[in-house]
Each structure stands twice: as structure tokens, then as C-alpha cells.
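In case you want the letters, here they are:
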Amino acid sequence: RMDMARKALVKPPKLSALPDELPSELPATWTWQPLCALLSEPSQNGYSQSADESPDGVPLLRISAGTSRSDGHVEETDFKPTTLDAATKGKFALQVGDLLAVRFNGNLHFTGKVTIYRGKLGMLQIFPDKLIRLRVWNEFVVTEYVRLAMSAPVIRTAIESFCATTVGNMGI
């Protein structure tokens with residue numbers, strides 16, 4: 001079921017895109033897969049407009065919401081409200097279990113950092129354009145494991161090797 005649904009949404013790259021240094025031993029029922037093979041939909045860059053700070057607005061997370069905590073969770077209280085139409089809310093709304101990856105940052109070690117959105121505040125929140133939403137197949141994939149794997153030194157080295165600088169900011 002997962003294979004059929006995945007093929008309908010995303011085309012995974014060749015496995016050769018994985019670093020050569022990955023350990024070769026896995027449990028018998030596991031296989032190495034690129035991140036995009038675990039996604040239930042294509043990755044999504046966030047909302048690109050500045051927050052208007054409307055008192056009745058939708059909470060737009062700040063970039064620092066994806067970098068400020070050391071436990072791998074999104075800092076959900078780090079937001080500014082903004083006014084949005086229903087379609088825009090739907091496109092950028094976060095769901096419990098979404099992963100957010102930092103797309104641009106002045107700090108190389110924050111670029112590509114992945115955190116998990118937990119929805120602890122119980123409100124609709126959206127994410128900014130400097131973050132990328134990754135929505136995995138929650139029925140088949142342990143989101144926390146993906147986050148931990150994305151933090152592993154061999155994966156971080158690979159991510160950082162893809163970073164390029166633009167006016168002092170590192171981006172992937």
C-alpha cells in the first residue's frame with residue numbers, strides 16, 4: 001500500500017544519493033531508503049510573506065522555532081500572527097508529526113536541522129519560507145526516528161556538503 005501511494009506522489013531519487021559511509025548492517029526487515037521515499041507528499045517550502053501581527057491572525061512560526069530547542073521539537077510559542085485566507089491556511093497548516101527542516105540560516109549547523117511539530121498549543125499554525133515541511137507516512141514511519149537519523153553525523157555531513165552561501169546565509 002505504501003509503495004503504490006508513494007509512487008503516485010513522489011519519485012524517489014536513485015539510492016546512490018545516499019552517503020557511501022552508511023553502515024551496511026540493518027535488521028532483516030529494513031532497507032535503506034532516501035528521505036523522499038518516506039514522504040506522503042512532496043516537501044513544501046513555507047509561507048513567504050511577512051507577518052502583519054494582526055491580533056486575530058494565524059500564528060506564523062518564526063525561523064528560530066525550528067532551531068531554538070535542543071530536544072528536536074518545534075518551539076511552538078515562537079510565532080507572530082498574520083492574516084491569511086482559507087486556501088493559504090490550508091496550504092501551509094502544520095499537522096502533528098510534521099517535520100520542519102531549516103532551509104536557510106546564518107549558521108551552517110542549523111541549516112538542514114530537522115525538528116518535529118507536536119501541536120501542543122492545540123491551534124492551527126503555519127510555517128515560514130525559511131523552513132521546509134516534510135510530511136512522512138505516519139502509518140509506516142516513526143517520525144522521531146527520521147528526525148534522529150537526520151541528526152546523525154554522517155547525514156549532517158552530507159547535508160552540510162550541499163549547503164551554499166547567499167549573502168552570509170547558508171541554504172540547501
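Placed above this text is the structure.
Residues numbered from 1 in each chain as written. Predicted model: local features only at pLDDT ≥ 70, side-chain atom pairs only at ≥ 80, totals over all residues. Heavy atoms only, no water.

Participant: Help me get a handle on the pairing of strand β7 (residues 131-134), residues and values and all.
Facilitator: Residues L131 and R133 line one face of β7 and the alternating positions I132 and L134 line the opposite face, and both faces are buried. Relative to β7, strand β1 (residues 44-45) runs antiparallel, the two being bridged by 2 bridges. Directly across from N45, in β7, lies its bridge partner I132. (Buried < 20%, exposed > 50% of the residue type's maximum accessible area, 1.4 Å probe, protein only. Helix = DSSP H or I, 4+ residues; strand = E, 2+ residues; numbered from the N terminus. Pairing = 2+ DSSP bridges.)

Participant: Please provide a residue-by-residue account of a nonpolar patch on the surface, values included.
Facilitator: A surface patch of nonpolar side chains, amounting to about 350 Å² of accessible area, comprises W30, V142 and Y145. Summarising the element assignment, V142 is placed in the loop between β7 and α3 (143-151). For V142, a relative accessible area of 57% translates into the label exposed. (Patch = residues over 30% accessible without salt bridge, like charges linked within 9 Å, V, L, I, M, F, W, Y side chains within 5 Å. Areas by Shrake-Rupley, 256 points an atom, 1.4 Å probe, with all protein chains shown as cover. Salt bridge = Lys/Arg side-chain N within 4 Å of Asp/Glu carboxyl O.)

Participant: Please provide a residue-by-residue account of the sheet that holds strand β6 (residues 114-116), values included.
Facilitator: On the basis of which strands lie adjacent, the open sheet formed by 4 strands has the order β1-β7-β4-β6 and antiparallel pairing. Here the strands that pair on one side only, and so sit at the sheet edges, are β1 and β6. With 4 bridges joining them, strand β4 (residues 99-102) and β7 adopt antiparallel strand pairing. Each bridged residue has a counterpart across the sheet, and for A101 the counterpart in β7 is I132. α3 rests against β4 and β6 of the sheet, and its axis sits at about 160 degrees to β6. (Contact = heavy atoms within 4.5 Å. Axes fitted to C-alpha atoms, helices over the stretch in contact; angles between N-to-C directions.)

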